[in-house]
Each structure stands twice: as structure tokens, then as C-alpha cells.
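Each chain is listed here by its residues.
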Amino acid sequence: MKAAVVNQFKEKLEVKEVEIPTPGNGEILIKMEACGVCHTDLHAAHGDWPVKPKLPVIPGHEGVGIVEKLGDNVTSLKIGDRVGVPWLFKACGECEYCLSGQETLCLDQLNGGYSADGAFAEYCVAPADYVARIPDGVDSVEIAPILCAGVTTYKALKVSGAKAGDWVAIYGIGGLGHIALQYAKAMGFNAIAVDIQDDKLELAKELGADITINGRKVDPAEEINNKVGGAQAAISVAVTKSAFEQAYHSVKRGGSVVLVGLPNDEIPVPIFDTVLNGVSVKGSIVGTRKDMQEALQFAADGKVRAIVSTAKIDDINDVFDKMEKGKINGRVVLEF
Ligand code: NAD
Ligand code: ZN
Ligand code: ZN
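All values reported here derive from a predicted model rather than from experimental measurement.

Student: I'd like to hear about the overall build of the protein, residue by residue, with values.
Tutor: Per the secondary structure count, the protein includes eleven helices and 17 strands. Expected size for 336 residues packed as a compact globule is a radius of gyration near 20 Å; at 19 Å, the protein falls within 12% of this value. Principal axes of the C-alpha set define a box for the protein whose edges measure 60 × 40 × 40 Å. Here the protein, with 336 residues, has 53% of them falling under the buried criterion. Taking as baseline every contact in the protein between residues at least 6 positions apart, the subset at least 24 positions apart corresponds to 69%. Accessible surface, the protein as shown: approximately 14,500 Å² in total, 48% of it carbon and sulfur. The distance from the centre of the 34 positive side-chain charges to the centre of the 45 negative ones in the protein is 3 Å.

Student: Just give me the short version of the coordination of the zinc ion (ligand 2), but keep the residues and values in it.
Tutor: Donor atoms from the polypeptide that coordinate the zinc ion (ligand 2) comprise Cys38 (SG), His61 (NE2) and Cys148 (SG), at 2.0 to 2.3 Å from the metal. Site description for the zinc ion (ligand 2): donor spacing in sequence, C-x22-H-x86-C. You can see cysteine 38 sitting in the loop between β3 (27–36) and α1 (39–46) and its partner histidine 61 sitting in the loop between α1 and β4 (63–70), a full 23 residues away along the chain. According to the relative accessible area criterion, histidine 61 is buried, its value standing at 1%.

Student: Requested: an account of the coordination of the zinc ion (ligand 3), with residues and values cited.
Tutor: Only Cys92 (SG), Cys95 (SG), Cys98 (SG) and Cys106 (SG) from the protein reach the zinc ion (ligand 3) as donors, at distances of 2.3 to 2.4 Å. If you look at the zinc ion (ligand 3), its four donor atoms make angles of 106 to 116 degrees with each other, and the shape they trace is tetrahedral. Ordering the donors of the zinc ion (ligand 3) by residue number gives the pattern C-x2-C-x2-C-x7-C. Relative accessible area serves as the criterion here: at 29%, cysteine 92 is assigned to the partly exposed category.

Student: Tell me what's going on with the domain arrangement of the protein, and back it up with residues and numbers.
Tutor: Segmentation of the protein into domains returns domain 1 (2–147 + 287–335) and domain 2 (150–283). Across the boundary between the two partners, domain 1 contributes 27 residues, which contact 22 residues of domain 2. Linking domain 1 with domain 2 are three salt bridges. Salt-bridge contacts for lysine 158 lead to glutamate 294; the nearest nitrogen and oxygen are separated by 2.8 Å. The interface formed by domain 1 and domain 2 holds 15 residue pairs in polar contact (both at pLDDT 80 or more) in total. Those elements giving two or more residues to the side of domain 1 that touches domain 2 turn out to be α1 and α10 (289–300). The element contributing the most residues to the side of domain 1 that touches domain 2 is α10, with five residues. Along the lines of polarity and charge, the residues of the side of domain 1 that touches domain 2 split into 13 nonpolar, seven polar and seven charged.

Student: Give a description of the site of ligand 1 that names residues and reports values.
Tutor: As a matter of local geometry, ligand 1 sits amid 31 residues, with Thr40, Asp195, Thr240, Val286 and Arg331 nearest to it. Histidine 39 has a polar side-chain atom sitting 2.7 Å from an oxygen atom of ligand 1. In this structure, an oxygen atom belonging to ligand 1 sits 2.7 Å away from a side-chain N or O atom of aspartate 195. The protein chains hide 94% of the 870 Å² of surface that ligand 1 would expose on its own. Counting residues per element, the ones that place at least two in the shell around ligand 1 are α1, β11 (190–195) and α8 (241–250).

Student: Can you lay out the sheet that holds β11 for me, pointing to particular residues and giving the numbers?
Tutor: Spatially, β12-β11-β10-β13-β14-β15 is the arrangement adopted by the six strands of the open sheet, whose pairing is parallel. Both edges of this open sheet fall to β12 (211–214) and β15 (280–283), since each of them pairs with a single strand only. The average undirected angle you get between the axes of adjacent strands in this sheet is 20 degrees. When strand β13 (residues 231–236) meets strand β14 (residues 251–259), the two strands line up parallel, connected through five bridges. The residue of β14 that forms the bridge with alanine 234 is valine 257. The strands touched by α8 within the sheet are β10 (167–171), β13, β14 and β15, with β14 carrying the most contacts at an inclination of about 150 degrees.

Student: Tell me about a nonpolar patch on the surface, residues and numbers included.
Tutor: Nonpolar side chains collect at one region of the surface, where Ile271, Phe272, Val275 and Leu276 lie side by side and expose about 470 Å² of accessible area between them. Its location among the elements puts valine 275 in helix α9 (residues 271–277). The class for valine 275 is exposed, based on a relative accessible area of 58%.

Student: Which residues make up helix α11 (residues 316–324), and what values do they have?
Tutor: Among the residues of α11, those classed as buried are Ile316, Asn317, Val319, Phe320 and Met323. For α11, the angular spread of the buried residues around the axis is 160 degrees, confining them to a single face. Turning to α11, the residues buried within the fold contact β1 (2–5), β2 (14–17), α1, β16 (308–311) and β17 (331–335). Glycine 326 sits one or two residues past α11 and shows a positive phi near 70 degrees.

Here is what the cut-offs are and how they apply
- Residues numbered from 1 in each chain as written.
- Chains lettered and ligands numbered in written order.
- Predicted model: local features only at pLDDT ≥ 70, side-chain atom pairs only at ≥ 80, totals over all residues.
- Heavy atoms only, no water.
- Helix = DSSP H or I, 4+ residues; strand = E, 2+ residues; numbered from the N terminus.
- Rg over C-alpha atoms; globule rule 2.2 N^0.38 Å.
- Buried < 20%, exposed > 50% of the residue type's maximum accessible area, 1.4 Å probe, protein only.
- Contact = heavy atoms within 4.5 Å.
- Areas by Shrake-Rupley, 256 points an atom, 1.4 Å probe, with all protein chains shown as cover.
- Lys, Arg positive; Asp, Glu negative; His and termini not counted.
- Charge placed at Lys NZ, Arg CZ, Asp CG, Glu CD.
- Donors = N, O, S within 2.8 Å, 3.2 Å for Na, K, Ca; no water.
- Tetrahedral: all angles 85-135°; square planar, octahedral: opposite > 155°, others 65-115°.
- Domains from an automatic or database assignment.
- Salt bridge = Lys/Arg side-chain N within 4 Å of Asp/Glu carboxyl O.
- Polar contact = N/O pair within 3.5 Å; in protein donor to acceptor, adjacent residues only side chain to side chain.
- Nonpolar A, V, L, I, M, F, W, Y, C, P; charged D, E, K, R; others polar.
- Near = heavy atom within 4 Å.
- Pairing = 2+ DSSP bridges.
- Axes fitted to C-alpha atoms, helices over the stretch in contact; angles between N-to-C directions.
- Patch = residues over 30% accessible without salt bridge, like charges linked within 9 Å, V, L, I, M, F, W, Y side chains within 5 Å.
- Arc of directions from axis to C-beta.

The following block contains the structure:
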């Protein structure tokens, strides 16, 4: 099968023939139809984070495909089912986090396209218990980004604690952010879109943003405080430290700042203001299997739709190049 492989950090991916993997106990073989390209895949290929992926690795955790073969003891799926390969590839199922419906915090987890081979390939093997069931009637290419960008931003909005009618600011209107905005609207929030590129903000307007702000032209925190008295929640899905600092300063008293983007960096959190203003700073990592079901249902109901352009697996290095330069509007999805 054809696969895109990271052999060395910061080098180009090698698109090559590798052997089709065999599903083991509890696993399935999936014939991939589509896989979204997430900025996390780029972090993986660059080795950006403190915990590195295995090498060589096949990235890809927004994969959609059809079950082609069942390993031993798989009873929950059948050949022909359509499933999604997520970031939460596998968890232990037995720790305190797994038992309390917080399996994204499991210390013994595998991640798709990082610690396990992912879906930038014609076939992928995954544990049956952790793949997502794709609802009927949705297009594989369009639904692919929901498997990471969708579930992640849906979950981040949930943990923000914002309620219908509240103002929510989204920093970074890229692959995650353009979907975050749509969930925010569908959940009854007023949405503020912040990016540093006007074309991203144009898209944000089309997708229903109530206010758009170019962080290169004005101070977004000041603007948000002036216009709406501060946001109840600010979600940063950008890959730049400054966006996180601005997000912090955008929230009103009692508000929450949700960190989602993953630059390997730090921001100062002023103790006095955080205490006096009762501000919460939270991290949010993808979503549980239950969050995934809900996030997919929003898309199946037509309330959220990823804006996608397609590419072939041979183009993966060009796609990464464009992503690094911020030249992708919406999400690029590899089509097999
Ligand atoms: P992307 O490249 O598609 O989008 C990033 C966006 O941020 C771009 O639109 C860019 O113009 C914008 N941006 C850059 N600097 C900015 C600034 N100073 N202010 C406002 N906007 C700015 O990336 P993506 O696929 O959406 O991923 C974003 C980040 O989220 C990555 O770091 C990725 O690893 C991370 N991520 C985290 C989770 C999680 O579970 N926490 C899940 C998926 C992705
Ligand atoms: Zn992702
Ligand atoms: Zn566990």
C-alpha cells in the first residue's frame, strides 16, 4: 500500500510502498477513503513536542474508511462499516480516567499517527473499541476533519463552561478554528473570530462569526473588552504564544481561557488578576468517544460543516508547506 512516512524529524515525508498491516486481536483493517491533515501531524513530523512520536511513523488521525478485515474477537463491527481513525487511538480501559469517562487523560494511551501508525496510508489497522462510527449520509471527505478538529473544538467549548448567549472568542481560524466557530454558533454562543489573516476572517464571517478581529491590526483583547465587556470564554487554537496571551486578556471576570493549540511555549499568568477576577485557565485535549459521537452528530445534522479542499497523498509535503506558511483556508483532506 502507499503510505506517507516520517523517517526523520524536519525532513520531507517519504511517500512509498509499505506492507498492508494485519489486524491483531481486537483490531480491524480499514481501507482509507479520506484523511484530514491536522497541524498536529506537522508537529509530529517536526518532532516539536517534549514527547516525540515513534519513528518511522505514518501520521494521520482524521481518517475515514471502510472496515475490510476483522481481527480475532471483534464483535462490535462488521466488514463494510464506515469508521474513523482518531487521535485517541487506544486507551487502557482500566485506569481511573478510563473508568470515569475521561479516557483522553489515560496515561497508557496510544495516539493515531504518533505512537501508532495513522491514516496517511491506503490502509490502517486500529483497535475496534476506539474507532469512531461514521453516521450515514455524510461525505467521507467532509466528515474527516470532525474526527480531530471537530471533536477537539466541540469539547473545548463544552469545558469552557460558556452558556447560550455568552460571548466566546476563538483565536486562530484555521482547520480547528473555522469549525470551532460553527460549533459555537450551533451551541447558542455569540462568536468572535480572531486571526492574523484577512482571508481567514472572511471565511469566519461567512460561517457566522458575529465579530471578526485581525490581531495584526488591532489589539484583540482591548477590542473584545471594549465591544462586549470581555468574553465569557476564549479558546486559543492558534500555534503562536501571543494568541494565548491575548486570549487570556480577552475574558471577563469569572471567564475561562481554554488552551488547545500546541506551540511548545509558555505564557505568563498574572496571579493577582487571575485570583481577583476569578479567571480559569484550562487545557483541553481532543474529546472522549462520547464527545466524538456528539460532535459527529452535529455534522450529520448539517449544523457544522468543514470547509475542505482535497489533495493526494503524493502532495503531502506541499500541504505541510502551505500549512506552515498559513496558506490553507479551512482543512486539506487527503483523498484515497
Ligand atoms: P492551522 O494551521 O490550520 O490553523 C492555525 C491558525 O492560527 C491559522 O489560521 C493562523 O492564521 C492562525 N494564527 C496564527 N497566529 C495567530 C495569532 N497570533 N492570532 C490569531 N490567529 C493566529 O492549525 P490547526 O490544524 O487548526 O491546529 C492548531 C493547533 O491546535 C496546533 O498546534 C495543533 O497541534 C493543535 N491541536 C490541539 C488539539 C488538542 O486536542 N488540544 C487537537 C488538534 C490540534
Ligand atoms: Zn488533530
Ligand atoms: Zn486508562
